[in-house]
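Summary of the model geometry
This is what each chain is made of:
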Amino acid sequence: MTIASDYTEKIPNNVGLAGDRRLQRALESWQPDFLSWWESMGPALPTRDVYLRTAVNVGREGWAHFDFVPMRDYRWGIFLAERDPGRRIGFGAHKGEPAWQKVPGEYRADLQRLIVIQGDTEPASVEQQRNLGACAPSLYDLRNLFQVNVEEGRHLWAMVYLLHAYFGREGREEAEELLHRNSGSAEAPRILGAFNEETPDWLSFYMFTYFTDRDGKYQLGTLKESAFDPLSRTCEFMLKEEAHHMMVGTTGVDRVVERTAQVMAENDTDDVAALGAIPLPVIQKYLNFHYSVSLDLFGGETSTNVANYYTAGLKGRWMEDRRKDDHRLADDSIMVDALVDGKIDYLEVAALTGLNTDLRREYIADCRGGVSRWNKILDSAGLPHRLKLPHAAFNRKVGAFAGIEAAPDGEMISAAEWERRKGEWLPTDVDKTFVRSLMRPVHERGKIAAWIAPPRNGINGKPFDYDYVHLA
Ligand code: BYC
Ligand code: FE
Ligand code: FE
């Protein structure tokens with residue numbers, strides 16, 4: 001059964017909100033708080049309207065509706081992928097039982113926690129990206145930034161809907177808290193580490209959308225497997241939007257590398273800073289930073305939390321249904337990264353407790369795809385230089401390697417050597433100041449900043465020089 005979206009309502013949705021007055025009132029009372037959060041913590045650059053994709057329904061046509069909209073009037077709606085009435089649980093102790101339409105009492109606290117953590121990251125990223133509009137390299141990029149921002153706002157709505165609809169008073173309180181914690185705040189920071197870091201420039205933004213939004217893709221992929229059907233259906237729909245965020249990150253870094261390679265080849269020099277491009281070693285340092293803080297987002301290599309989530313049916317594996325095992329894993333094992341006798345090594349542990357490692361591995365394999373793409377660009381420019389993912393032990397604050405220091409090649413080093421050399425591997429103040437010095441706004445139609453190549457394609461069949469954003 002499909003419930004038609006009601007566009008005339010304050011909150012566009014396909015969850016039959018009109019039929020549940022209590023829930024509708026709860027969400028309508030949260031909405032003004034959301035809007036005042038958006039005004040004070042969302043995009044700072046004043047705009048008249050923006051060429052945005054709005055989800056107006058989940059059907060093939062409905063979820064990609066393009067038009068000029070004032071961002072404040074963006075229709076943040078609640079959309080779940082269509083329900084499969086025969087859906088059964090795919091893993092864990094309840095494998096084979098019908099998927100849950102309500103929250104079982106014994107799993108309430110754990111499910112709420114997973115939803116709150118997911119919900120917390122969405123507005124955090126909007127806060128982190130708040131000031132990027134003022135230094136966008138083109139109108140095309142500016143539009144993509146705003147598209148990502150409104151969709152992260154919608155992802156917050158998606159989690160708040162679940163909290164309001166299924167978790168009673170506690171859920172409503174958590175929904176309030178999601179607007180009160182803030183990225184980087186000393187008193188009330190966001191929950192996960194990477195979401196309290198700054199995104200002060202566009203190289204950071206592309207690295208963030210490549211590496212950190214990609215964690216989102218993988219975490220959503222595991223929550224899409226959840227036995228709790230409303231969560232599963234919400235995540236399935238969010239993943240469609242996530243594909244655009246991946247595109248922004250992947251092609252963003254592509255274009256930075258392409259421009260740098262071009263300036264290097266034309267001038268036969270590695271030293272492109274004076275020529276207004278970003279030197280490859282600086283790009284590598286940004287990559288090292290964003291990759292390593294994103295690895296931390298997967299939690300510890302071993303975790304009883306994740307084992308319990310899996311067994312309970314709350315959180316599955318990436319591509320659970322393609323795995324050729326019993327989907328219970330009680331008797332299986334996995335090799336995980338570990339410190340063994342003080343050395344970086346591997347250890348065999350129960351498959352269930354190693355599930356964070358399993359997911360991180362899928363993620364790492366995916367990240368290699370980006371690096372090989374960027375290296376192809378260098379290769380095509382006739383350059384011998386290559387970018388690399390650092391070792392999993394590099395710059396870690398969570399998990400087995402949190403207590404040690406390692407070089408990007410995985411060699412263990414002393415704290416003193418780390419202090420001495422970290423500026424070779426992570427962006428220094430000098431690097432950041434340099435990158436920031438390039439961030440001058442290009443808000444003129446068809447123009448682009450000198451440190452980045454133009455995109456190959458525009459948005460929705462429009463050309464690069466389309467007027468994607470009308471500034472206020
Ligand atoms: N920072 O047992 P462990 C996205 C905590 S991104 C701070 O190993 P677990 C997006 C942990 O909570 C996707 N604390 O952890 C991207 C635990 O605390 P307690 C977001 C951390 O539970 C871009 C303790 O350390 N979604 O959507 O197995 C833009 C022990 O850890 C961190 C999710 O993450 C950290 N990095 O795994 C917009 C999905 N890591 O229990 C959006 C929901 C761990 O001792 N979350 N801790 O108080 C989860 O599935 C899991 O909670 C985690 C951690 C994967 C995060
Ligand atoms: Fe998101
Ligand atoms: Fe995203």
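**Focus on the overall build of the protein chain**
Counting secondary structure elements, the protein chain contains eleven helices and seven strands. Scaling as 2.2 N^0.38, a compact globule of 472 residues should have a C-alpha radius of gyration of about 23 Å, and the protein chain matches this with 23 Å. Along the first, second and third principal axes, the C-alpha atoms of the protein chain reach 65 × 60 × 40 Å. When contacts within the protein chain are restricted to residue pairs at least 6 apart in sequence, long-range pairs at least 24 apart make up 69% of them.

**Focus on the site of ligand 1**
Near ligand 1, the surroundings consist of 25 residues, among which Gly216, Gly299, Gly300, Ser303 and Asn305 are the closest. When contributions to the shell around ligand 1 are tallied by element, the ones reaching two or more residues are helix H2 (108–128), helix H5 (202–223) and helix H8 (304–312). Of all the elements, H2 adds the most residues to the shell around ligand 1, at six residues.

**Considering the nonpolar core**
Counting residues in each nonpolar core, the largest one holds 117 residues, and the members touching the most others are Val160, Met207 and Val256. The dominant element in this core, judged by the number of residues it contributes, is helix H3 (residues 139–166), at 16 residues. Val256 has contacts with Leu203, Tyr206, Ile278, Ile283, Trp451 and Ile452, leaving out every residue within four places of it along the chain.

**A closer look at the sheet that holds strand E2 (residues 65–69)**
The strand order E2-E1-E7 describes an open sheet built from three strands, whose pairing is antiparallel. Looking at which strands have only one partner, the edges of the open sheet turn out to be E2 and strand E7 (469–471). On average, adjacent strands in this sheet sit at an angle of 15° to one another, irrespective of strand direction. Bridge count between strand E1 (residues 47–54) and E2: five bridges; the pairing is antiparallel. Each bridged residue has a counterpart across the sheet, and for Leu52 the counterpart in E2 is Asp67.

**Quick look at unusual backbone geometry**
At Asp268, a residue that is not glycine, the phi angle is positive and equals roughly 50°. If you trace the backbone, Asp268 turns up in the loop between helix H6 (229–267) and helix H7 (280–296). Taking the number of C-beta atoms within 10 Å as the measure of exposure, Asp268 has 6 and is therefore exposed.

**Some words on the environment of Ser204**
Examined against the element boundaries, Ser204 turns out to sit in helix H5. Here the alpha-carbon distance between Ser204 and His244, two residues 40 residues apart in the chain, equals 17 Å. Residues contacting Ser204, with those up to four places away along its chain left out, are Thr199 and Tyr286.

**What to know about the environment of Thr311**
Locating Thr311 in the fold gives a position in helix H8. Under the C-beta neighbour-count criterion, Thr311 is labelled partly exposed, with 16 such atoms within 10 Å. Along the primary structure Thr311 and Ala400 are separated by 89 residues, whereas in three dimensions their C-alpha atoms are 23 Å apart.

**Details of H5**
The end-to-end C-alpha distance of H5 is 30 Å, a good match for the 32 Å that 22 residues give at a rise of 1.5 Å each. Along its length, H5 shows its largest kink, about 35°, at Phe208.

**A few points about the confidence of the model for the protein chain**
Close inspection of predicted coordinates is inappropriate for parts of the model with low pLDDT. The share of residues in the protein chain with pLDDT of 70 or more is 98%, and the mean pLDDT across the chain is 96. Within the model, the stretch residues 1–5 combines pLDDT values under 50 with nine contacts to residues more than four positions away or in other chains.

**Section: the pairing of strand E3 (residues 333–340)**
Summarising the sheet, E3 and strand E4 (residues 343–350) pair through eight bridges and their orientation is antiparallel. Bridged to Ala338 within E4 is Asp345. Taking the residues that link successive antiparallel strands as the turn, the E3-E4 hairpin has two residues, and the phi of Asp341 there is positive, at about 50°.

**Some words on the packing of H2 against helix H4 (residues 168–180)**
Closest axis-to-axis distance for the H2/H4 pair is 9 Å, and the angle between their directions is 25°. With respect to H4, the axis of H2 lies roughly parallel. Once H2 is placed against H4, the crossing between them reads as right-handed. Counting all contacts with H2, which are made through Gln112, Val116, Gly119, Asp120 and Pro123, the residues of H4 involved are Glu170, Gly171, Glu174, Leu178 and Leu179.

Conventions used here
- Residues numbered from 1 in each chain as written.
- Chains lettered and ligands numbered in written order.
- Predicted model: local features only at pLDDT ≥ 70, side-chain atom pairs only at ≥ 80, totals over all residues.
- Helix = DSSP H or I, 4+ residues; strand = E, 2+ residues; numbered from the N terminus.
- Rg over C-alpha atoms; globule rule 2.2 N^0.38 Å.
- Contact = placed C-beta atoms within 7 Å.
- Near = placed C-beta within 6 Å.
- Core = buried A, V, L, I, M, F, W, Y, C linked by C-beta atoms within 7 Å.
- Buried ≥ 20, exposed ≤ 12 C-beta atoms within 10 Å, placed from the backbone.
- Pairing = 2+ DSSP bridges.
- Axes fitted to C-alpha atoms, helices over the stretch in contact; angles between N-to-C directions.
- Expected span 1.5 Å × (residues − 1).
- Bend = angle between axes of the 7 residues up to and from the residue.
- pLDDT = per-residue confidence, 0-100.
- Parallel < 35°, antiparallel > 145°, perpendicular 65-115°, else oblique.
- Left-handed = near helix turned anticlockwise from the far one by under 90°.

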